[in-house]
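# A look at the structure
What follows is each chain in one-letter form.
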Amino acid sequence: MTATPRPSSLSSSHASTSAASHLPPAFPARAPWGTAGKLRAWQAEALELYRTREPRDFLAVATPGAGKTTFALRIATELLEARVVRRVTVVAPTEHLKRQWADAAARVGITLDPNFSNAQGRHGHGFDGVALTYAQVASKPALHAARTTAAPTLVILDEVHHGGDALSWGDAVREAFEDATRRLALTGTPFRSDTAAIPFVQYAPDREGIRRSLADYTYGYGDALRDHVVRPVIFLSYSGSMRWRTKAGDEVSARLGEPLTKDMTSQAWRTALDPNGEWIPSVLAAADRRLTEVRRAVPDAGAMIIATDQTDARAYAGHLARLTGESPTVVLSDDDGASDRIDEFSAGDSRWLVAVRMVSEGVDVPRLAVGVYATSTATPLFFAQAVGRFVRARKRGETASVFLPSVPQLLVLANSMEVERDHALDRPKTAEENGLEYNPEDALLAAANSERNGPDALGPDGKQGAFEALEAQASFDRVLFDGGEFGTGAEVGSEEELDFLGLPGLLDADQVSALLRQRQAEQQSGKRRAASQAAAAELAAMDHRKQAELRKELAQLVGAWSRRSGQPHGSVHNELRRRCGGPEVALADPEQLTARVEMLRGWFVGKR
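Turning our attention to the environment of Gly240. In this structure, Gly240 sits in strand β11 (residues 233-245). A relative accessible area of 1% means that Gly240 is categorised as buried. Through-space distance from the C-alpha of Gly240 to that of Leu256 is 5.5 Å; in sequence the pair is 16 residues apart. Setting aside anything within four residues of it in sequence, one finds Gly240 in contact with Ala254, Arg255, Leu256, Gln473, Ala474 and Ser475.

Examined against the element boundaries, Thr329 turns out to sit in strand β14 (residues 329-331). When its relative accessible area of 19% is taken as the criterion, Thr329 is described as buried. Ignoring anything within four residues of it in the chain, the contact list for Thr329 reads Arg341, Phe345, Ser350, Trp352, Leu353 and Val354.

Taking 1.5 Å of rise per residue, 15 residues should cover 21 Å, and helix α18 (residues 590-604) covers 21 Å from first to last C-alpha, within 8% of that figure. Listed in full, the buried residues belonging to α18 are Pro590, Leu593, Arg596, Val597, Leu600, Gly602 and Trp603. Phi for Gly606, located one or two positions after α18, is positive at around 85°.

Counted under the stated rule, the structure contains 24 salt bridges. In this structure, Arg243 and Glu471 form a salt bridge, with 3.2 Å as the shortest nitrogen-oxygen distance. One end of the pair, Arg243, is in strand β11; the other, Glu471, is in strand β18 (residues 468-472), and 228 residues separate them in sequence. Using a relative accessible area of 27% as the deciding quantity, one classes Arg243 as partly exposed. Overlapping salt bridges bring together Arg243, Arg245, Glu251, Glu468 and Glu471 as one network.

Attention now goes to the packing of aromatic side chains. Two aromatic rings, taken as a pair, are described by how far apart their centres are and by the angle between their planes. Following the criterion strictly, the structure yields 12 aromatic pairs and no others. When the ring of Trp42 is compared with that of Phe71, the centres are 5.7 Å apart and the planes differ by 45°; the resulting orientation is tilted. Of this pair, Trp42 sits in helix α1 (residues 41-53) while Phe71 sits in helix α2 (residues 68-81), placing them 29 residues apart in sequence. Phe71 gets classed as buried once you look at its relative accessible area, which sits at 1%. The interplanar angle of 65° and the centroid separation of 6.2 Å between the aromatic rings of Tyr373 and Phe382 together place this pair among those described as edge-to-face. Relative accessible area serves as the criterion here: at 5%, Phe382 is assigned to the buried category. Among the aromatic residues, those joined into a ring-pair cluster are Trp42, Tyr50, Phe58, Phe71, Tyr217 and Tyr219. Sitting over the face of the ring of Phe200, Arg183 holds its NZ or CZ atom 4.0 Å from the ring centroid. Over the ring of Phe345 we find Arg367; its NZ or CZ atom is 4.1 Å from the centre of that ring.

Our next topic: the pairing of strand β8 (residues 202-205). As defined by bridge partners, β8 adjoins strand β9 (residues 211-215) across 4 bridges and the pair is classed as antiparallel. Looking across to β9, one finds that Tyr203 is bridged to Ser213.

Attention shifts here to the packing of α1 against α2. Their axes nearest at 10 Å, the elements α1 and α2 cross at an angle of 35°. Of the two elements, α1 crosses α2, and the hand of that crossing is right-handed. Where α1 approaches α2, its residues Trp42, Gln43, Ala46, Leu47, Tyr50 and Arg51 are matched on the opposing element by Lys68, Thr70, Phe71, Arg74, Ile75, Glu78 and Leu79. Each residue belonging to the contact of α1 with α2 can be placed in one class, and the counts come to 7 nonpolar, 2 polar and 4 charged.

The rules behind these values
Residues numbered from 1 in each chain as written. Predicted model: local features only at pLDDT ≥ 70, side-chain atom pairs only at ≥ 80, totals over all residues. Heavy atoms only, no water. Helix = DSSP H or I, 4+ residues; strand = E, 2+ residues; numbered from the N terminus. Buried < 20%, exposed > 50% of the residue type's maximum accessible area, 1.4 Å probe, protein only. Contact = heavy atoms within 4.5 Å. Expected span 1.5 Å × (residues − 1). Salt bridge = Lys/Arg side-chain N within 4 Å of Asp/Glu carboxyl O. Phe/Tyr/Trp six-rings, centres within 6.5 Å; stacked < 30°, edge-to-face > 60°. Lys NZ or Arg CZ within 6 Å of the ring centre and 35° of its normal. Pairing = 2+ DSSP bridges. Axes fitted to C-alpha atoms, helices over the stretch in contact; angles between N-to-C directions. Left-handed = near helix turned anticlockwise from the far one by under 90°. Nonpolar A, V, L, I, M, F, W, Y, C, P; charged D, E, K, R; others polar.

Shown next as structure tokens:
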């Protein structure tokens, strides 16, 4: 198979080289982690493109879970065997990913030292190279520049967008690897929330003059979903009534998911995530029920909750322990102990993993199938990476389920899962950034939602802020899938909610769509029946009250006429029945009773 060598923009408005439609999904089975001998269709096509070009720099964008590591290690083995390079340097965002890369490389015969420290100066004897973090490179770029020039080196920049996390990081990565023989950049999310340039990534202006990143090969989520490389994602959103106290001492109530100001949304969101409220336990219970359903078809399926900070993570773990009777695995920091706990969870079959941020990117735990997004970080980058932890397919039919608050920012991101994005350097400034119409509360929220922890992040003094969550009640809102929305809202624990929690664990994308439409139609039909029955019951109750009032008035009028005319009560009733028709008074309906009352009133004014 020969691919036409051409660069591609990450924007859907530009031509792109992706897993071409003419290619069959020739390798439907999942390539074993780190195994370079069995390639998926996109990996084979991208590899052929790389061989044809023999480029010094190559940027591959592939959706999380598609197999970027396998692709990169195949290139590394071929370059080493051809003596194009003699060393390999992998740069990754975290310590855990260094170990993960070293383990994967070892399975294809490449020995990487994940324990290399800057103090060593050179990697140990018997290693083909090292695995580093971006922070490690930034602390001593000259050291790594010397290592890179000492022998022909392939540098693999994993999740390369991290190279723009800080100006010093970007400068350090450029300095350290400017003279590398080959550079292979990888990312699953080719965009940043800011406009920091990513090292060794090419940019070109679009029609509006905005410089956008260019990829050599792109394999998006939509491509991977069609090829059954990733799982379809079902998003289940939960709203509910929130109540909190502001710093001024005022109590505020609002419903999460309803149109609110940015400040109100952030505070309602923060209240929902409070471990002491009822929203979190209710959503965790729903997610655990969903996990039980998935495990009927996928016995080792696991679930993960992504928390904002360590305090919340520990509290959430307590809720899960009480709910399931099983202590979850808790990962709170990026250290060797955390890596061991992740590896143990990945290899086991326990139900729940609780983490802060470190498991949100790059970490491979294929059995994760259910997630709870319990952080208020709202950047597209973080959201995509977090959801990416649940989409790694192992066999056809597995689905992923992600539970999240009904917050507009998150619902937009969930609905645009299949939209490919690119990194723009020339993003127009907002009015706030230009100093116009400045709103300090909006600015604080925007700052919190950048790369930090959203509205519940700690303030500069290290304290939570003068805010008190008072009450948080959860209710099921809707399901989002493939750009559509399903469900009409329901109470937690209701049959309507269980209809969606009980979806089978093995379904392909078309089956998910069909079942969601069916559930939607059934619920709408049920609500119409319920509304009709309620209206009939209300009418019956109204008729009963009206009948009682009319009988009372009729009895009073008959008594008064009897006293005036001297006729017995029975005679008066018989004459009314003869003139108005109808049954006995006890069986008469409101219309008949009304006619008799009006006739009697006429008698009193001489209309007999």
